[in-house]
Each structure stands twice: as structure tokens, then as C-alpha cells.
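Report on the structure
Residue-level listing of the chains:
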Amino acid sequence: MQKQLVFWLVALCIALLFFWYLQDILLPFIAGFVAAYFLDPIADRLVRLGLPRALATAVIIVSAVVAVIVGVLLVLPVFGTQIGKLVADAPNLSRQFMQIADQSAPQWLKDFFANNGSDLQSTLTDYAGKAALWFVGFLTTLWNGSKALLNLASLSVITPVVAFYMLNDWDRLVAKVDGWLPREHIKDLRSIAHDVDTALAGYIRGQGTVCLILAVFYAAGFMLMGLKSGLAIGIMTGLLAFIPFFGPLIGGAIAIIVGLVQFWPNEISVLSIVAILAIGQLVESYFLSPKLVGESIGLHPVWMMLALLAFSYVFGILGLLLAVPLAATTGVFVRHGLARYLASEIYLGGPKKNAKRA
């Protein structure tokens, strides 16, 4: 047991060093692996319909590449322009929102701040300034990351090639890795791998599909309403649904603030923006997420919020994106480890104590 533990710890350290030293060139390979993992159920379904695996893989990869190219050519230029405009208008948006909030606030709220040695105007100014700085930083980080990925994709065709070979050989690769596992612990390792796959598939595949559907819905709704930068805000609001709790709040707040500044005092237009957000959340909560994601993550909401805050504190926006998948994977190992502990002599008291009790 000790030799096996040392072996796997050494293997883990070697793998971490490998990824650390080669991190600058591994991104297209990792992206290809993730794409193959995401698309594998579609390939399996096409194979069951009678297509050869290679042909099914080719159809999927070509369709995905065409969709990406169309999106880059048609959507990305407009998206980038609107994101840049949002960043430039952020200070002005916050100032106008502050003025509207001050004008619309009830008198008792203004009296409350006045009685406590402050006033609503200065308090809103302070919070609006902080919110504007965070908003600009968030959008800048989002856009810079998108441009980095775009530049990488424009310079290389490695990702679709890797995705094709990984997707075509996925079942054989899984069988090969299974053959490398130590036979003594094969049942436990297969159980852990199955639970990890269930958790990751439910979130990455399911929530990824939910985000794409919501992005299309919000973008179409905001554009029909005539919201400024409606395409960018809609896509961003939909994709931010990948981050539980905080993502929808951030996207919804941006849409409402922009709509309030643009349409005020037309309450019907503002309420229409709120209605679009509410419909999207209802459809996600009661139809899309139960159907596509389910309860496969296996994390209590409190632990999920803790994971989001902890990972975002350490890794920033990237931590928000990785928090739930990593927390779900960690939860699988913790549950299996706890089950082994509860069945062990350490918990039960050992054979000698059990014999004395008998």
C-alpha cells in the first residue's frame, strides 16, 4: 500500500511538472481534449444511428469548425465593438444611474442617510465609482482573454486536429487507460472515475449547453428591445450563467443598469428588460438545468458558494470558471475517502476492540 502511494504521488508530481513547464504550448491540446469530451455523446449517438465512428467524428468536427468560423466572422466584430463601448461608457453609465437612483429614491430613505450623518447622493457616488472600476476591469479582462484565445486559434489548426483524433479514438483511449489501472483497486478506481465523469459531464456539457441557449435568448431579446450593446450584454449574460449564483446577478445587473439609463423614465421598456431576464431565469431553473444538468454535481449550495469565493479569491475570474468543476471533482474523492474511512478499522475500532466487544 505504501509503495503504491509513493508511486502515485511521484507520478502526480511528474505530471504537474510536465504541465507547468509546457503550459505555454499545451492550451490547444487541452482545448482539443475538452472539445472531444464535450462532443463524445453526440458521436456515440451518431454511431448508434449507423454512421462509422470516423465519419461521425468528421461530421461533428467540420460542423463545429464552420460554426466557430461563422461566429468569429459575424458575431465577434460586433461583440468586440460593443464591449469596447461598454468599457468606455462605464463611468458615464454609473453617473447617470446614480442620478436616476437619487431622483427616484423615497424621501424616507434620504432622511435615513441624513439622520446618520451622510446623504444618499454621496453614498451612491462612492458605490457607483467602485462599481464602475470593477465593471471596467471585468470587461477588460473578459475581452483580453477572448482576444488571446482568438489569436491562438487564428495562428494554429492544432485544436480541431487534436479534437478529431481524440474524439475518433475516445472509446479506445478510455479502454487503454482502464487497462493501466492497478487490478487490486480496479473497482474503487472505476467507481471514482464514473462519479467524476458524471459530475463533470453534468456540469461542463449540461451547463455549457444551457449557457449557449441563454446567450442566444438574451442577445435576441435585448436586440429586439433596442438595448444599447444588446448583443454583447446578452451573450455575456448567458455565458456568465456558467458561474452559479454570481454569474446571473452580474449579467442581469449590467443589463438593468444599461436599460435604466437608456430608457428612463419609460418604465415599460425597463420592465421589459427585467421580464426578459426573469423569463430566462425561470426557463433555466425549471426546464433547462433539470433536463441538461440535473443533480449530478453533488455539491450542497453552501459548499458551492464557498468554492466560488475561495477560487475567485486565489485565481480571479479564471477561478470562478474552474471553481465548480474542481469542487465537484474534489467532492467525489472526499466522498469515496470518507466511505473508506467509515468502513476501516480506524473508525470501527480495529479487530482487537471488536473481538473484546464480542
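Read on for a plain summary of the structure. (Residues numbered from 1 in each chain as written. Predicted model: local features only at pLDDT ≥ 70, side-chain atom pairs only at ≥ 80, totals over all residues. Heavy atoms only, no water.)

**Looking at the overall build of the protein**
Counting its regular elements, the protein contains 15 helices and zero strands. Burial statistics for the protein: of 358 residues in total, 32% are counted as buried. Nonlocal contacts in the protein, meaning residues at least 24 apart in sequence, comprise 71% of its contacts between residues at least 6 apart. A total accessible area of about 22200 Å² is found for the protein, and carbon and sulfur atoms account for 72% of it. (Helix = DSSP H or I, 4+ residues; strand = E, 2+ residues; numbered from the N terminus. Buried < 20%, exposed > 50% of the residue type's maximum accessible area, 1.4 Å probe, protein only. Contact = heavy atoms within 4.5 Å. Areas by Shrake-Rupley, 256 points an atom, 1.4 Å probe, with all protein chains shown as cover.)

**Things to note about unusual backbone geometry**
A positive phi angle is found at Ser 229, which is not glycine, with a value near 55 degrees. Assignment of secondary structure puts Ser 229 in the loop between helix H8 (186-225) and helix H9 (230-239).

**Notes on H9**
A large share of H9 lies buried, amounting to nine of its 10 residues. Three or more residues of H9 are buried, namely Gly 230, Leu 231, Ala 232, Ile 233, Gly 234, Ile 235, Met 236, Thr 237 and Gly 238.

**Let's talk about the packing of aromatic side chains**
Inspection of the entire model under this criterion finds five aromatic pairs. Consider the rings of Phe 164 and Tyr 165, whose centres lie 5.4 Å apart with planes at 80 degrees: the pair is edge-to-face. Here Phe 164 falls in the partly exposed class, since its relative accessible area comes to 24%. Judged by its relative accessible area of 52%, Tyr 165 is exposed. (Phe/Tyr/Trp six-rings, centres within 6.5 Å; stacked < 30°, edge-to-face > 60°.)

**Focus: the pattern of salt bridges**
Opposite charge on two side chains allows them to pair when their charged atoms are near. What the rule picks out here adds up to five salt bridges. Residues Arg 53 and Asp 171 are paired through a salt bridge, measuring 3.7 Å at the closest nitrogen-oxygen approach. Here Asp 171 lies in helix H7 (residues 170-180) and Arg 53 lies in helix H3 (residues 53-104), a separation of 118 residues in the sequence. The exposure class assigned to Arg 53 is buried, which follows from its relative accessible area of 16%. Connected through salt bridges with shared partners, the residues Asp 40, Asp 44, Arg 53 and Asp 171 form a single ionic network. (Salt bridge = Lys/Arg side-chain N within 4 Å of Asp/Glu carboxyl O.)

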